[in-house]
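Breakdown of the fold
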Amino acid sequence: MSIRIDKEICTGCSSCVSACPFGVMELVDDKAHVKEGCNLCGACRDACAFEAITIESAAAAQPVPEAHGVWVFAEQFNGKIRPVAGELLGKGRELADQLKTELCAVIIGNQETGIVEMVTLGADKVYRIQSPAFEGNPEDLYSQALVEAIKKYQPEIVLAGATALGRSVIPRVAAALRTGLTADCTGLEIDLKEKQLLQTRPTFGGNIMATIICPSQRPQMATVRPRVFKKRAPDFARRGEVITIDFKSDAASKTKVVNFTADLTETIKIEDADVIVAGGRGVGKPENFKMIAELARLMNGALGCSRPVIDEGWLPYSHQVGQTGKTVCPKLYIACGISGAVQHLAGMQTSDMIVAINDDPNAPIFQVATYGIVGDLFKIVPVMIEKLKKQ
Ligand SMILES: Cc1cc2nc3c(=O)[nH]c(=O)nc-3n(C[C@H](O)[C@H](O)[C@H](O)COP(=O)(O)OP(=O)(O)OC[C@H]3O[C@@H](n4cnc5c(N)ncnc54)[C@H](O)[C@@H]3O)c2cc1C
């Protein structure tokens, strides 16, 4: 996009100068002039009564007509494909079927594992990109390899997990391809009329949901956090094609993994747990979390929490559920002393069953709860612990 000022029409009235929220419009020789820093917001154009200012979109940037196929970046760690790849294949299958196109998984790495799993979970093709340069998880080379493959095969949609690796690799790919990327999507749909990916994500602190499109560039790229979509049951009758790509890098990686330390503060990770017992500000103080943790342990579950608990330093960040924490989808989520702010709900409301314990009957958490217990958590949780111990 670019801004154009027709000096013949401009009267030098200066309404654009006062309208510019970024202070980059000025008058030079009584004509409007744009300084550096314009972000093409359009406020000056709207303010100009003489229509002397136009913002031109890049007409040349039309979607690539040959672009086809939905790709899922199936990230692996230590030779094991991450569960988020299966979740994305489930959603990807829906999108590909609507577009009547193929669904492909892309595995970058030298391991042999994961290919069959990708096909049983919905992929029609698996692109396996291998290279001796992939030793030591060089994320910049993963991006380079993915860019080359995308340029060659031209998918129309590329999906990836909003994981540490996905968040490192995928923005570089989008930047190199000069296409758009919507991070942390919570919903993906197809606009069949326009053949566009509708990418929905929370914005403005989680208070509104924005649906974002990428109309003029391909591929359309989105990341999705683990556990947002559900994995389909594997279909062992499915057959798929495997395409091996040998990646050759001209340059060495600019990154090096010096050390890897696993987070040992959790016995069960909340993102993998079937049961989560979570505490909020209502739990009151760090010592009281022993009771919440005990309930979680007795149910073979994981300990979760809301953000104030992290902000207060009562638990480490790895336990935080919500928009700026983790997205979880357990079979059972027990919320103790959590009010149910939108930012918390964004991370847990797709749980199969939600039990809320709160002494305020009007707490918003009750609007998403399957079962609500109105009362003091310090009376209710000990009863639950006692009952479970007896069993
Ligand atoms: C950009 C942004 C991102 C955010 N990201 C997140 C996020 O990822 N995760 C998150 O959780 N929050 C997030 N927040 C914060 C969020 O807006 C809320 O402030 C937060 O979720 C509230 O946490 P809470 O429910 O524990 O506390 P409160 O809202 O203070 O609720 C405490 C609840 O405990 C109940 N209670 C008190 N005592 C008892 C008792 N004895 N027995 C039973 N119930 C009791 C009260 O009735 C109340 O409902 C974010 C905010 C912003 C602006």
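You'll find the structure just up there.
So, here's what we can say about the structure. Residue numbers restart at each chain and count upward from 1, following the sequence in its written direction. The predicted nature of this model means local features are confined to residues of pLDDT at least 70 and side-chain atom pairs, given and counted, to a pLDDT of 80 or more, with totals for whole chains, interfaces and linings taken over all residues. Each side-chain value is derived from all of the structure's non-hydrogen atoms; neither hydrogens nor water enter the calculation.

**Some remarks on empty space enclosed by the protein**
Defined as follows: A cavity, in this analysis, means grid points on a 1 Å lattice covering only the protein atoms where a 1.4 Å probe fits yet has no way out; a pocket is instead an open set bounded by protein on both sides within 12 Å along at least five of seven lines, and a residue lines either one if it has an atom within 4 Å of a point. Grid points are joined across faces, edges and corners, and a volume is the space filled by probe spheres set on the points. In the scheme used here, Gly and all other residues not listed as nonpolar or charged are polar, with Ala, Val, Leu, Ile, Met, Phe, Trp, Tyr, Cys and Pro taken as nonpolar and Asp, Glu, Lys and Arg as charged.
Using the criterion set out here, one finds two cavities of 30 Å³ or more in the structure. Each pocket or cavity is described by its volume, and for the largest cavity that value is around 80 Å³. Cys10, Cys13, Cys16, Ala32 and Cys48 are, among the 14 residues lining the largest cavity, the residues nearest its centre. Here the lining of the largest cavity is built from residues that sort into ten nonpolar, four polar and no charged. Of the voids in this model, the second largest cavity is the one considered here, and its volume is about 70 Å³. Considering the residues around the second largest cavity, the lining is formed by 15 residues, among which Cys20, Val24, Cys38, Cys41 and Cys44 are closest to the centre.

**Notes on the site of the ligand**
Definition in use: Proximity is defined per residue: any heavy atom of the residue falling within 4 Å of a molecule or strand makes that residue near it. A cavity or pocket is said to hold a molecule if more than half of that molecule's atoms lie within 2 Å of its grid points. Counting from the N terminus, the helices are the DSSP runs of H or I reaching at least four residues and the strands are the DSSP runs of E reaching at least two.
Among the 25 residues in the neighbourhood of the ligand, the closest are listed as Ser306, Gln320, Thr324, Ser339 and Gln343. Of the pockets mapped on this structure, the ligand occupies the second largest pocket. Those elements that provide at least two residues to the shell around the ligand are α8 (307–311), α9 (342–345) and α11 (377–390).

**Some remarks on the sheet that holds strand β13 (residues 196–203)**
Stated formally: DSSP bridges decide pairing: two strands pair if at least two such bridges lie between them. Comment: axis = line fitted to C-alpha atoms, over the contacting stretch for helices; angle = value between 0 and 180 degrees taken between N-to-C directions.
As summarised here, the arrangement of the three strands in space is β12-β13-β14, forming an open sheet in which the pairing is antiparallel. Across the chains shown, the open sheet's two edge strands, defined by having one partner strand only, are β12 (187–191) and β14 (208–212). Averaged over all pairs of adjacent strands, the angle between their axes in this sheet comes to 30°, without regard to strand direction. Relative to β14, β13 is paired through five bridges, and the arrangement is antiparallel.

**A word on the layout of surface pockets**
Estimates place the volume of the second largest pocket at around 410 Å³. Counting only elements with at least two residues in the lining of the second largest pocket, the list comes to α8, α9, β20 (353–358) and α11. Counting residues per element, the lining of the second largest pocket draws most heavily on α8, at three residues. Broken down by class, the residue content of the lining of the second largest pocket amounts to seven nonpolar, 14 polar and five charged.

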